[in-house]
Each structure stands twice: as structure tokens, then as C-alpha cells.
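An overview of the molecular structure
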Amino acid sequence: MKLYYLGPKGTFSYLAAKQYKSEDAYDFIPKSNLYEVVQAVSHDDESIAVVPIENSIEGTINIVADALTQQNIYAQGELHLDIQFALYGPDDATVNDINKVYSIAPAISQTSQYIQNHGFDYDYVESTISSLDKISDQTGAIAPLGSGEPYGYKAIAHNIQDFPHNTTRFLVVSNQPQHIKDASDSMVLITPKYDKPGLLASILNTFALFNINLSWIESRPLKTQLGMYHFFVQADSPINDELNKVIKILNTLDFEVTVIGSFNKMDLSDKS
């Protein structure tokens, strides 16, 4: 069984994947970007992928959210991972020796206060681990805490993220729908057939009618015309009679409802 992730080894996706499944049990296959991860798992029946869907600072990872609407992939698990960044540099360097840093865009955003406070220039690479290749006398890399040491680099500053409670939510996805009977969560995609007043209110009121709590609500453009959106909704509920009634009512209100998955959460925050 293959497990695709945004590589190389040492990325947060790798750390989440490794704590979800053992490399002895799964064939871990890194991809250079999230689009390639989604493409690989959507065409491979004998695989899963671990992909980030939301960060507590940056919000939704749009490429993954859009993939759930456009690709043949479904959610079958959820992981939460604490996000801790470090500044890596050459041997014997200090923070004062660094004038430029490299990392991926979300990492730059999540450490922007630290970067600005030190007056660093910055630029982007495809993964946090590939930023280590940019290290030179006056150039550092922002990468997951603990990820640079296996590559021969030392952390010259620890926990440089802007906010201490920085968590990323990952989804385990495959191209096969899976519904767990006693799931803690269910994710659905709700698409209006046409625009009308009170679209979002009618969705929320229907869930409230059956006392179903929602832990995630996100809109993404339909990409057909300006002002038309899908709505992602994650409910604290399995696919049970109440949730099925919600879906039926939404159908009568001219919404198309697609179940993306029902699954259980796995908290990795104390294991990272």
C-alpha cells in the first residue's frame, strides 16, 4: 500500500504521515508539490495520501480544498499536528550572521513577525526541506524544528513561529469513499443550483434544526461565475438518520450535497 505526501522527508506532511502509519507498513512516496500528491492518489486505487487542509494561522489550504471538489478523492481520516519552526544555518552561525531566509510560502507567512523583526530578506522554495539546500554563509532556512539535523544542519533559533499555538489539520484521503459507522466527523460539500438570498443561512439553519454542531465551514468559488460558491461543512456527527435528514432537506432547497467522508480524528499534537 502506498502513502503519498508532500516531500521530501522532514516536512510537516512527512511527520504527520509517519505518525499516522509506519514506513514499515506503507510505501512512503514523496511528491514535490500538493498538486502532484492529489493527482497521484486520485489515480491509484492502492494508495492513500496525507495532505494539509487547514492551518490555525493561515486558514484553509486552497489547493487541497479545490481538489476535494474537482478530483476523485475522499476523506477517510483527520490528523492534527503542532507546527514548530526553526531557523537553520551553517556551522557556527548565529542569527546575526543571517540576512536572507528561504522556505515555502506558508512557512514564511507563519514566521513573518520573526523575519521582519530581524530584517531578513526572503524567497520561496517548493518545500521546507529544500530550503536547506539554500543555506550559505549569510543565508538561512526556515524548516520544521528537528528536520535539519538529519541533513547535517543545526538550528540557530527555535520556535520562531509567530503564534505559539500553531496547528495544522491534515486529511487522510484516497480515491475510494469510506464511511465509518461510529465516526466522530462527517464532511460534506454543498453546492447551490442557483444564487438566491439566504443561501448560507438556510444551510446553517438546517443543521441547527437537528442540533448538529459544525466544526468547519468554508466557501470556495464554483469557478463558473463571480459570486457562486461551494460550501464545505464538517459536522460533529457520523452519517446517521439526523444527518441524512439534513441532506434530504438541503436537496429540496435546491442544493446538491456530496459526502466527502465520515471519519475519526487522530490528535498528533502531543507526539510531534
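All values reported here derive from a predicted model rather than from experimental measurement. (Residues numbered from 1 in each chain as written. Predicted model: local features only at pLDDT ≥ 70, side-chain atom pairs only at ≥ 80, totals over all residues. Heavy atoms only, no water.)

Its domain assignment divides the protein into domain 1 (2–81 + 166–174), domain 2 (85–158) and domain 3 (185–263). Taken over C-alpha atoms, the centre of domain 2 sits 41 Å from the centre of domain 3. (Domains from an automatic or database assignment.)

Another aspect to go through is helix H6 (residues 199–209). Along H6, the residues that are buried comprise Leu199, Ser202, Ile203, Thr206 and Phe207. Seen along its axis, H6 keeps its buried residues to an arc of 130°; they face one direction. Turned more than 90 degrees from where H6 packs its buried face, Asn205, Ala208 and Leu209 sit exposed. In this structure, the buried side of H6 is in contact with strand S12 (185–192), strand S13 (214–221), strand S14 (229–235), helix H7 (241–252) and strand S15 (255–263). Within two residues after H6, Asn211 carries a phi angle of roughly 55°, on the positive side. (Buried < 20%, exposed > 50% of the residue type's maximum accessible area, 1.4 Å probe, protein only. Helix = DSSP H or I, 4+ residues; strand = E, 2+ residues; numbered from the N terminus. Arc of directions from axis to C-beta. Contact = heavy atoms within 4.5 Å.)

In this section: unusual backbone geometry. Cis rather than trans, the peptide bond between Gly7 and Pro8 has omega equal to 5°. Positionally, Pro8 belongs in the loop between strand S1 (2–6) and helix H1 (12–20). Positive phi, close to 70°, is recorded for Asp92, a residue that is not glycine. Position of Asp92 relative to the elements: it lies in the loop between strand S6 (85–89) and strand S7 (100–103). Under the relative-accessibility criterion, Asp92 is labelled exposed at 70%. Here Asp254, not a glycine, exhibits a phi torsion of approximately 70°, which is positive.

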